Amino acid sequence: MAKILLIEDEAPVREMLLDELTVQGHSVIEASTGEEGLEKFLEAEPDLVVCDRAMPGMSGYEVLERIRGAHPQYEDIPFIFLTALTDPRDKAAVDHLKPAAYFEKPVDFKALSDKIKGLIKS
Amino acid sequence: MSQILNSLVVAKGLETQYALEQIMENNLAGHVLSLVTYTPDSLNKIDRTPDLVFIVNQEEALTADEVNRVTKMFPRCTSVVLDDDPERQRDAFIKAGADEVMSLADLRSPLGRHMLEKIIAFRDLAAAEARVEASEERFRGIIEHSNDIIILLDTDGSILYASPAFGRQMGYELWTVLGQDFFSFVHEEGLAQLQSGFRELMMLPPTESMSLEFLFRHRDGRFLTMEATGSNLLRNQTVQAVVLHLRDVTGSKQSEVELKIYRLHLEDLVAQRTREAEEANRRADLVIAASPDALIAMDEKGVITFASRHYRTIYPASAQVVSEGNDVMEAFEVVTKEVGLSHDDERYADMRAWWQKPKGYKEFKMANGTWVRLQARRIPETNGIVVSTTNITDYKRQQALLAAQSEELEVALAKEKTIVEQQRTFVSMVSHEFRTPLTVIDGNAQIIHSRGDTIGKEALQKRAVNIRSSVDRLVRLIETILSAHMLDVGKLVVEPKPCDLGKIIRDVCSEQQDISPNHRLKVEVRGIPPAMVLDEKLIRQSLANLVSNAVKYSPRSNTVEVSAFKEGNMAVIEVQDHGVGIPPDEIEHVFSKYFRASTSSGIPGSGLGLSVVQHFVELHHGTVALRSKVGIGTVVTMSLPIGEGRF
């Protein structure tokens, strides 16, 4: 299926998503901080990124900002945000970085799975 | 006797004329002769009447008719017919109007000269008579046309003569008044005086005159004021009367009265204006006195023209100098001493410059704390200046108060703004704090739901533990929020009872360890009493907050140290992490509700934890303190008093 980079600082959430995405047949690379995620992104060049938005240290917003700014060649790699920040202003703040999708927590696995499938096919 | 004789010669021939010329020159030198050849036309052209006409009957004979035509033309002048034979036609010519008929020889003889002299004498007499007649004519004209009334009275007062002006002005036909008693026309008011004046007048010599004034009745019945100048000409043979020159002065009398009334009116008016001006001055004085401002007026040279009494109250020591007639700058020097403005004071030069040319306004604080405002106004009419001095101490005080109040308000507003911002952050954070454990619960539930039968027992247990720890996290979050709310509304109930603080510490750390397997919590408890009277629930929640904070804010370090010990009468608990730390200028705010340090970015939190901890500890009469260094870590110290009876 696809090579997915999962960036999530909350261990129980990360572990759960890893389990679910693996079961769905994806090969998942884990990262528990933004810095680690950016590093692994450049190293592994995944097909798709699932990333938490609010993290201590480098946030998900900063990770995508770095990718869009310094590495324009990865423009086509879909970037999915997971977030517990539900204020519309928070969502609007990332629109200019053109994430492929924006999922609010708690996440419906079926919806996430369908989105990933759709993005990979295209 | 005049030697000039205008002569006219009427003749048909020129030879005789020449001879005549010679005669006249010889005998009557200086006489003007006009020589005219007789024809009817040429006689018509003569423009002045000659004294003597010579009608020459020599070369061409004249008829008596012709002579008559000439004498008719000059009826008043002497006509002499010159004839070689005077006797021949003398009677006919005398009959035709000639005065004399003589020959040229007669004319040259003494007879002729005598005749000429006689003519001259007659002519002069006629001229004198004519002059007298003209003079009388003129005199009559003057009297007849004069507006002065002339009346001649007899000694008994009856009117002998009245000039036409009397008729015109008094409305009477002259003939009706002649012979009448003059005094019967006079108004009884002043009549006696006039009569006595009249008697007096009759005693006067003719060279003197006297004035009389009386009311004289007009024919229509009204009385006119007459002014009379009387002369006594009773002994003058020609006049033999008392002469009165009367003039109607009713009009001027009336004008005089009117003038007098008008003058009185003017005097009244002046008096009234003066009263009004005085009243206005008095009012102005009152207004100036009532005004809270001190007023000083100066002319364009800077000399004081007025200083209101208020100056004495504002500058009592300088009152003598601040007065009329003094130079304003001299006054300024004295006043500056009084208000305590030394020459070194930078305001001195400023004020001095202002007083030299007062314009606009100036505010000044005296040494005694009184604030005054000086306001200059130019008076366009006089080019002078009025300066008002107002005590604005109260105004200044209120202004300062207002400024302070507005500053307070600004601070309060800023605070309010901060609180609103913090609350917004709080709402966002609470949402995050709820959603993260809910995600874990929901995600695990989805996994169990979709693959419950395929995953092993162990995995299932792990999912259940995850769910439970998330629920625990939610419960704690709810408790913190509720506690904060209870504290807010003052409804938190403290339920103290003896409990083991050491055990509470160990329990909290153990629970945190379960949730955070990546961190290592080192716990050390020593020397604290086994039983302390505390509200266990509140203390447990406080400790749990501190420990979870330590874990949460040290994402890159895994060691958290918790130690408890006795210090004096206090049980002290220290929670130390090696995490992100807090900037020094933010430390004082960490116990404020909703406050989150700038280093907490990206780390979930409500901003309530430490605030709740502080309140709980204070409810136990304890203290909580925090030390921190960015990038090194944070130590929170909680001290609780040992002993009972505090609640």
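Conventions adopted
Residues numbered from 1 in each chain as written. Chains lettered and ligands numbered in written order. Predicted model: local features only at pLDDT ≥ 70, side-chain atom pairs only at ≥ 80, totals over all residues. Helix = DSSP H or I, 4+ residues; strand = E, 2+ residues; numbered from the N terminus. Buried ≥ 20, exposed ≤ 12 C-beta atoms within 10 Å, placed from the backbone. Expected span 1.5 Å × (residues − 1). Contact = placed C-beta atoms within 7 Å. Nonpolar A, V, L, I, M, F, W, Y, C, P; charged D, E, K, R; others polar. Core = buried A, V, L, I, M, F, W, Y, C linked by C-beta atoms within 7 Å. Pairing = 2+ DSSP bridges.

Caption draft 1: Seen up close, the overall build of chain A. Looking only at helices and strands, one finds 5 helices and 5 strands in chain A. Reading the secondary structure of chain A in the N-to-C direction produces β-α-β-α-β-α-β-α-β-α. Split into buried and exposed, the 122 residues of chain A put 40% on the buried side.

Caption draft 2: Examining helix H17 (residues 536–552) of chain B more closely. With 17 residues, H17(B) extends 24 Å between its outermost C-alpha atoms, agreeing within 8% with the 24 Å of an ideal straight helix rising 1.5 Å per residue. Along H17(B), 14 of the 17 residues are buried, which leaves the element largely enclosed by surrounding structure.

Caption draft 3: Summary view of the interface of chain B and chain A. Taken residue by residue, the interface counts 21 residues in chain B and 21 residues in chain A. With 14 residues, the single largest contributor to the side of chain B that touches chain A is helix H14 (residues 393–451) of chain B. Looking at the side of chain B that touches chain A residue by residue, the classes come out as 6 nonpolar, 12 polar and 3 charged.

Caption draft 4: Layout of the nonpolar core. Counting 42 residues, the largest nonpolar core has B:Leu501, B:Ile505, B:Leu543, B:Leu546 and B:Val547 as its most contacted members. For this core, the secondary structure elements donating two or more residues are H14, helix H16 (501–515), strand S18 (532–534), H17, strand S19 (559–567), strand S20 (570–576), helix H18 (609–619) and strand S22 (633–641) of chain B. Per element, the largest residue contribution to this core is 8 residues, and it comes from H17(B). For B:Leu501, the residues in contact, after removing those within four places along its chain, are B:Ile528, B:Met532, B:Leu534, B:Ala564 and B:Ala571. A:Leu38, A:Val49, A:Val107 and B:Ile441 belong to the second largest nonpolar core, which has 29 residues in total.

Caption draft 5: Representation of the pairing of strand S3 (residues 52–57) of chain B. All names here are of chain B. Counting buried positions along S3 yields 6 of 6 residues, so the element is predominantly enclosed. Burial of the side chains of S3 extends over both faces: Leu52, Phe54 and Val56 are buried on one face and Val53, Ile55 and Asn57 on the other. In the sheet, strand S1 (residues 7–11) pairs with S3 via 4 bridges, with the strands oriented parallel. Opposite Leu8, over in S3, you have Val53 as the bridge partner. Across 6 bridges, the pairing between S3 and strand S4 (residues 78–83) is parallel. Of the residues in S4, the one forming a bridge with Asn57 is Asp83.

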